[in-house]
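Descriptive analysis of the structure
Listed below, chain by chain, are the residues.
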Amino acid sequence: MIIPAANRIEALVESEAFSSAVIRIAPVALCVLRRSDGEVVLENPLSRQWLGNGHERQQLCHGWIRRAFDESEQSSTDELQMADGRHLYLSFAPTRYQREEVLICAFSDITERKQVELALQQARTLADAANEAKTLFLATMSHEIRTPLYGVLGTLELLARTDLN
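In this report, the structure presented in the accompanying data block is examined. (Residues numbered from 1 in each chain as written. Predicted model: local features only at pLDDT ≥ 70, side-chain atom pairs only at ≥ 80, totals over all residues. Heavy atoms only, no water.)

1. Regarding the overall build of the protein chain
Put simply, the test is: Every helix listed is a DSSP run of H or I at least four residues long, and every strand listed is a run of E at least two residues long, numbered separately from the N terminus. Only protein chains enter the accessibility calculation, which uses a 1.4 Å probe. A residue is then buried if its area is under 20% of the maximum for its type, exposed if over 50%, and partly exposed in between. Only heavy atoms enter the contact rule, under which two residues are in contact if any of them lie within 4.5 Å. Note on areas: these come from Shrake-Rupley sampling with a 1.4 Å probe, and a residue is covered only by the protein chains present in the view.
Across its full length, the protein chain carries 4 helices and 5 strands. Traced from its N-terminal end to its C-terminal end, the protein chain shows the element sequence α-β-β-α-α-β-β-β-α. The buried share among the 165 residues of the protein chain stands at 20%. Considering only contacts within the protein chain whose residues lie at least 6 apart along the sequence, 43% involve residues at least 24 apart. Summing over all exposed atoms, the protein chain offers an accessible surface of approximately 12,200 Å²; the carbon and sulfur share of this is 59%.

Right under this line is the structure:
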């Protein structure tokens, strides 16, 4: 009876250590927030680096907690722009951890993607402006070439119908 219980405890300790290692080295920022007061229960170093520890973090966290536990809210994702200009994609879900209602949050840095989207939008705007300029140029040149060309064609037609003597 003692050996199976000891094996289960050993497996539980091993599982806890493995989970802690996975959270610590994850390439995304992970944090677990207590529902009652929004305090951080667990987080990885990337979460501390990206989110900091200030008052702004607490305000943001309370908003996520309220949304996550709201029955009518369907969305469990959000995009945030931090004070340093970094764009973060947030996924969150309510759950239980250590016999408490908590919110687990995962943040991915999407700053580069946002910069690419902005560059593409600017390129599209420039391409549209260049296309409009080209169209205006062709319309203007067509008119400018057509008007004297009609005069030349008319004169040539008159010369073709007239006997040259």
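That covers the picture; the talk isn't over yet.
2. Considerations on unusual backbone geometry
Located in the positive-phi region is Gln98, a residue other than glycine, with phi close to 50°. Topologically, Gln98 is positioned in the loop between strand E4 (87-97) and strand E5 (100-109). One non-glycine residue, Arg99, lies in the positive phi region at around 60°. Mapping Arg99 onto the fold places it in the loop between E4 and E5. For Arg99, a relative accessible area of 77% puts it in the exposed group.

3. What to know about the side chain of Thr111
Defined as follows: A 3.5 Å cut-off defines polar contacts: any pair of N or O atoms within that distance qualifies, except that in protein one atom must be a possible hydrogen donor and the other a possible acceptor, and neighbouring residues in sequence count only when both atoms are side-chain atoms.
Along the chain, Thr111 falls in helix H4 (residues 111-161). Within the structure, the side chain of Thr111 is placed 2.5 Å from the side chain of Asp109, a separation counted as a polar contact. Residues contacting Thr111, with those up to four places away along its chain left out, are Gly85, Arg86 and His87.

4. Brief notes about the sheet that holds E4
Across a sheet, strands are paired by hydrogen bonds formed along the backbone, either parallel or antiparallel in direction. Condition: The rule for pairing is simple: two strands pair if DSSP sees at least two bridges between them. Here, axes are lines fitted to C-alpha atoms. For helices the fit covers the stretch in contact, and angles between N-to-C directions go from 0 to 180 degrees.
Spatially, E2-E1-E5-E4-E3 is the arrangement adopted by the 5 strands of the open sheet, whose pairing is antiparallel. Because the sheet does not close on itself, it has two edges, and the strands there are strand E2 (40-43) and strand E3 (77-81). Strand after strand, the sheet turns through a mean of 25° between neighbouring axes, direction not considered. One ladder, built from 10 bridges, connects E4 with E5; its direction is antiparallel. When the bridges of E5 are listed, Tyr89 appears paired with Ser108.

5. Things to note about the layout of surface pockets
In plain terms, the rule: With a 1 Å grid laid over protein atoms only, a set of points is called a cavity when a 1.4 Å probe fits there but cannot get out and a pocket when it is open yet has protein on both sides within 12 Å along at least five of seven lines; lining residues have an atom within 4 Å of a point. Grid points are joined across faces, edges and corners, and a volume is the space filled by probe spheres set on the points. All residues other than Ala, Val, Leu, Ile, Met, Phe, Trp, Tyr, Cys, Pro, Asp, Glu, Lys and Arg, Gly among them, are scored as polar; the first ten of these are nonpolar and the last four charged.
In this model, the largest pocket occupies a volume close to 200 Å³. In terms of lining, the largest pocket is formed by Glu16, Ser19, Ser20, Ile23, Arg24, Val32, Leu42, Glu43, Asn44, Pro45, Tyr97 and Ile104. At the level of elements, helix H1 (2-25) and E2 are the ones that each hand at least two residues to the lining of the largest pocket. If you tally residues by element for the lining of the largest pocket, the top one is H1, at 5 residues. Considering only residue class, the lining of the largest pocket consists of 6 nonpolar, 3 polar and 3 charged.

6. Some points on the side chain of Glu43
With respect to the secondary-structure elements, Glu43 resides in strand E2. A distance of 3.1 Å separates the side chain of Glu43 from the side chain of Ser47, its partner in a polar contact.

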